[in-house]
Amino acid sequence: LAKTTQPISMDSYEGQEVNITCSHNNIATNDYITWYQQFPSQGPRFIIQGYKTKVTNEVASLFIPADRKSSTLSLPRVSLSDTAVYYCLVGDAPYNQGGKLIFGQGTELSVKP
Amino acid sequence: EAGVTQFPSHSVIEKGQTVTLRCDPISGHDNLYWYRRVMGKEIKFLLHFVKESKQDESGMPNNRFLAERTGGTYSTLKVQPAELEDSGVYFCASSQFSTGERQETQYFGPGTRLLVL
């Protein structure tokens, strides 16, 4: 199983760009990298997923270098409502039947006014 | 479209009692997962259903936990008898049956907060 390492906490201010880096040195060839967001008293929510290079959606961007041993979640111009815990996950899934998600401790992002 | 729902949202029981948690996945989702977070720890996988069949129950802590998904729709997780260390938040997630090219997105419910006294 690919283990992930990410900072325990980060602080930012409204309007700033936030980059959270995750290390996954033992990522397998078939693994995808997925980020989830969790607000207090809610379940985790999918943000973005990628395999290599760069992926962008309406919420965030995900940068994955060629060796795939790390990835960076980029949140542009954060607001107070982006305060949450962000989890980096690397898949442990047979291709065609889904699979369990392996959560680490996550990064607690605090956005201040 | 309704998301994953869980019932109850909170439960407070005494040690030795029985509690049953329910999860209603998104309609049409074949995959259903149970996870839990105990105090101060990471979210941990418990088990995975594909329709009504248990695909992976490697995360179930012991035989006091029983999960069912009769008919392949909603699922229940029963803890009997409950112990103090069972306190935590129990999450349910569901996903569509993957077409095989990528790890599918799992949609989580809000969780059930269980407190065993």
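What counts, and where the lines are drawn
Residues numbered from 1 in each chain as written. Chains lettered and ligands numbered in written order. Predicted model: local features only at pLDDT ≥ 70, side-chain atom pairs only at ≥ 80, totals over all residues. Heavy atoms only, no water. Disulfide = S-S within 2.5 Å. Helix = DSSP H or I, 4+ residues; strand = E, 2+ residues; numbered from the N terminus. Buried < 20%, exposed > 50% of the residue type's maximum accessible area, 1.4 Å probe, protein only. Pairing = 2+ DSSP bridges. 1 Å grid on protein atoms, 1.4 Å probe; cavity = no way out; pocket = protein on both sides within 12 Å on 5 of 7 lines; lining within 4 Å. Points joined across faces, edges and corners; volume = space filled by probe spheres on them. Nonpolar A, V, L, I, M, F, W, Y, C, P; charged D, E, K, R; others polar.

**Here's the deal with the state of the cysteines**
A covalent bond bridging the sulfur atoms of two cysteines is what the word disulfide describes. All names here are of chain A. Per the counting criterion, the structure on display carries two disulfides over all chains. Covalent S-S linkage joins Cys22 and Cys88, the inter-sulfur distance amounting to 2.2 Å. Every disulfide takes its handedness from the sign of the S-S torsion; for Cys22 and Cys88 that torsion is -80°, giving left-handed. Taken together, the residues span a long stretch of sequence, with Cys22 in strand S2 (residues 18–23) and Cys88 in strand S8 (residues 84–90) at a distance of 66 residues. Exposure class is identical for Cys22 and Cys88. Each is buried.

**What to know about the pairing of strand S5 (residues 53–56) of chain A**
Residue and element names in this part refer to chain A. When S5 meets strand S6 (residues 61–64), the two strands line up antiparallel, connected through four bridges. Residue pairing in the sheet places Thr53 in a bridge with Ile64 of S6. Hairpin connection, S5 to S6: the antiparallel pair is bridged by four residues.

**Digging into the layout of surface pockets**
If you roll a probe as big as a water molecule over the atoms, it shows you where there is empty space left. When its volume is computed, the largest pocket comes out at roughly 430 Å³. Along the walls of the largest pocket sit 23 residues, with Gln38, Val85, Tyr87 and Glu108 of chain A together with Arg37 of chain B positioned nearest its centre. When residues of the lining of the largest pocket are traced back to their parent elements, those giving at least two are S8 and strand S9 (107–112) of chain A together with strand S9 (88–95) of chain B. Class assignment for the residues of the lining of the largest pocket results in nine nonpolar, nine polar and five charged.

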